[in-house]
Amino acid sequence: MAALRLCGPMTRLGLVVAVAGFLADQLHKWWMIDIYLIGEKGRVAVLPFLDLVATLNPGVSYGLLPQGSVAGQYLLAGFAAVASIGFLLWLAQVTSRLAAISIGLIVAGALANATDRLHLGGVADFFSLHAFGYYWYVFNLADVWIVAGVAGLLYESLWANRKSAAV
């Protein structure tokens, strides 16, 4: 049985991305809530398809599995922490820059949203995309990091490896 590696060639890169992404998200949320005072402004139109709003999501994506209790928020934050540990163990095994950056983004987003749950009682979201009267979900930078990280891992697993196999 192979020994579990806790640090690999791309660990530092992934951790730098995770820390930078976490800090960027938390600084943005602090600025939006405490400096810009988005909660007092209501809906602020930025572009014809993008508004700034203040929402607190007690659930997961799209408001699913709402957790109105403190215990529920701790449960969701704990799940994010456990998932992040799993991703960090994976990070120690990867050898590509894209995988390391992608995992770092996912960890940053998960831990940033978990921090919101512990401090705010839900996830602070601000960006509202809409078109033709239809409003999609409201999201934050941490959500962007998670989506970008998943997209990077999908690209790597579906296309990047095929290119190297063909060569």
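For the structure, check the block above.
Residues numbered from 1 in each chain as written. Predicted model: local features only at pLDDT ≥ 70, side-chain atom pairs only at ≥ 80, totals over all residues. Heavy atoms only, no water.

Engineer: Where do I start with the sheet that holds strand 3 (residues 123–131) in this structure?
Structural biologist: Sheet strands associate in pairs through backbone hydrogen bonding, adopting either a parallel or an antiparallel arrangement. In space, the four strands of this open sheet follow the order 1-2-3-4, with antiparallel pairing throughout. Each edge of the open sheet is held by one strand with a lone partner, namely strand 1 (44–47) and strand 4 (134–139). Adjacent strand axes in the sheet meet at a mean angle of 40°, parallel and antiparallel pairs treated alike. Bridge count between strand 1 and strand 2 (residues 50–57): three bridges; the pairing is antiparallel. Along strand 2, the bridge assignment pairs Val44 with Leu52. (Pairing = 2+ DSSP bridges. Helix = DSSP H or I, 4+ residues; strand = E, 2+ residues; numbered from the N terminus. Axes fitted to C-alpha atoms, helices over the stretch in contact; angles between N-to-C directions.)

Engineer: Explain the side chain of His130 to me, please; I cannot follow it from the model alone.
Structural biologist: Among the secondary structure elements, His130 is positioned in strand 3. Among the polar contacts made by the side chain of His130, one reaches the side chain of Asp51 at a distance of 3.2 Å. Leaving out residues up to four positions away in the same chain, His130 has contacts with Pro48, Phe49, Leu50, Asp51, Tyr135 and Trp136. (Polar contact = N/O pair within 3.5 Å; in protein donor to acceptor, adjacent residues only side chain to side chain. Contact = heavy atoms within 4.5 Å.)

Engineer: In this structure, what is going on with helix 1 (residues 11–35)? I would like to understand it.
Structural biologist: Three- or four-residue spacings in an α-helix give side chains the same orientation, since the helix completes a turn every 3.6 residues. For helix 1, with 25 residues, the first-to-last C-alpha span of 35 Å sits near the 36 Å given by 1.5 Å per residue. Of all the positions in helix 1, only Thr11, Gly14, Val17, Ala18, Gly21, Asp25, His28, Lys29 and Met32 are classed as buried. With its phi angle positive at about 60°, Leu37 sits one or two positions after the end of helix 1. (Expected span 1.5 Å × (residues − 1). Buried < 20%, exposed > 50% of the residue type's maximum accessible area, 1.4 Å probe, protein only.)

Engineer: Is there a simple way to think about the packing of helix 1 against helix 4 (residues 97–120) in this case?
Structural biologist: For any two helices packed against each other, one specifies the crossing angle of their axes together with the interaxial distance. Two elements in contact, helix 1 and helix 4, have axes whose closest approach is 7 Å; the angle formed by their N-to-C orientations is 35°. Judged by the sense of rotation from one axis to the other, the crossing of helix 1 with helix 4 is right-handed. Here the contact of helix 1 with helix 4 is built from residues that sort into 13 nonpolar, six polar and four charged. (Left-handed = near helix turned anticlockwise from the far one by under 90°. Nonpolar A, V, L, I, M, F, W, Y, C, P; charged D, E, K, R; others polar.)

Engineer: Even after reading the chapter, I still don't get the side chain of Ser96, so can you show me in this structure?
Structural biologist: Relative to the elements of secondary structure, Ser96 occurs in the loop between helix 3 (70–91) and helix 4. Accessibility expressed as a relative area gives 18% for Ser96, which makes it buried. When residues no more than four places from it in sequence are discounted, the contact partners of Ser96 are Met10 and Glu156.

These results come straight from atomic positions and should not be treated as a statement about function.
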